[in-house]
Amino acid sequence: DPPLRIGDEWSIRVQWRPLRLVHPSQFVFALAKSYDGSQGLLLLTSREGIGVWTEGRFFSAPFAWQALFADGLFHELEASGANGSTTFFADGFPVATVNAQPRRTVIGRIGGDANCGRSSFQFRCPPQGAGEL
């Protein structure tokens, strides 16, 4: 498949069902990120946050997602980036906004983080959803 590029305005939606809650040693779970890993468009943290990784920094806002997604059902997560900020939605409702926006990158992963077995993570995580841009 050819690379999927995003520009200055974008929206990405993921249908996601955690197979289990995030492992304690995994701080960030990437549901959508760039091909080279330099930008994260839709990230959840083990400390109940949601955000983006861009310009070498992590920008996040509080979001109590672990209790919300503990029912074992698929849930819709969406991130929309425009005008320098990113707004996040869960099941159609706005849950957070951060004052940062990844731009002009090539999408490398949508729907789960297959790289969570690398670096400081001590286990492997299968993809846990599907998404669309």
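These lines cover the structure that appears in this document, whether it is placed above or below. No experiment lies behind these values; they were computed from the predicted model shown.

1. Considerations on the pattern of salt bridges
Note that side chains of opposite charge can pair when their charged atoms are close. Applying the stated criterion across every chain, the model contains one salt bridge. Between D8 and R104 there is a salt bridge, and its shortest N-O distance comes to 2.8 Å. Of this pair, D8 sits in the loop between β1 (4-6) and β2 (10-16) while R104 sits in the loop between β9 (93-98) and β10 (105-110), placing them 96 residues apart in sequence. On the basis of relative accessibility, which here comes to 64%, the residue R104 falls in the exposed class.

2. Things to note about the nonpolar core
Counting residues in each nonpolar core, the largest one holds 26 residues, and the members touching the most others are W16, L42, L44, F63, L77 and F88. Those elements that place two or more of their residues in this core are β2, β3 (28-34), β4 (40-45), β5 (49-54), β6 (57-62), β7 (75-82), β8 (85-90) and β9. In terms of residues, this core owes the most to one element, β2, which gives four residues. Setting aside residues up to four positions removed in sequence, L77 forms contacts with I12, R13, V14, W16, L31, L42, L44, F63, F69, F89 and A90.

What counts, and where the lines are drawn
- Residues numbered from 1 in each chain as written.
- Predicted model: local features only at pLDDT ≥ 70, side-chain atom pairs only at ≥ 80, totals over all residues.
- Heavy atoms only, no water.
- Salt bridge = Lys/Arg side-chain N within 4 Å of Asp/Glu carboxyl O.
- Helix = DSSP H or I, 4+ residues; strand = E, 2+ residues; numbered from the N terminus.
- Buried < 20%, exposed > 50% of the residue type's maximum accessible area, 1.4 Å probe, protein only.
- Core = buried A, V, L, I, M, F, W, Y, C linked by side-chain atoms within 4.5 Å.
- Contact = heavy atoms within 4.5 Å.

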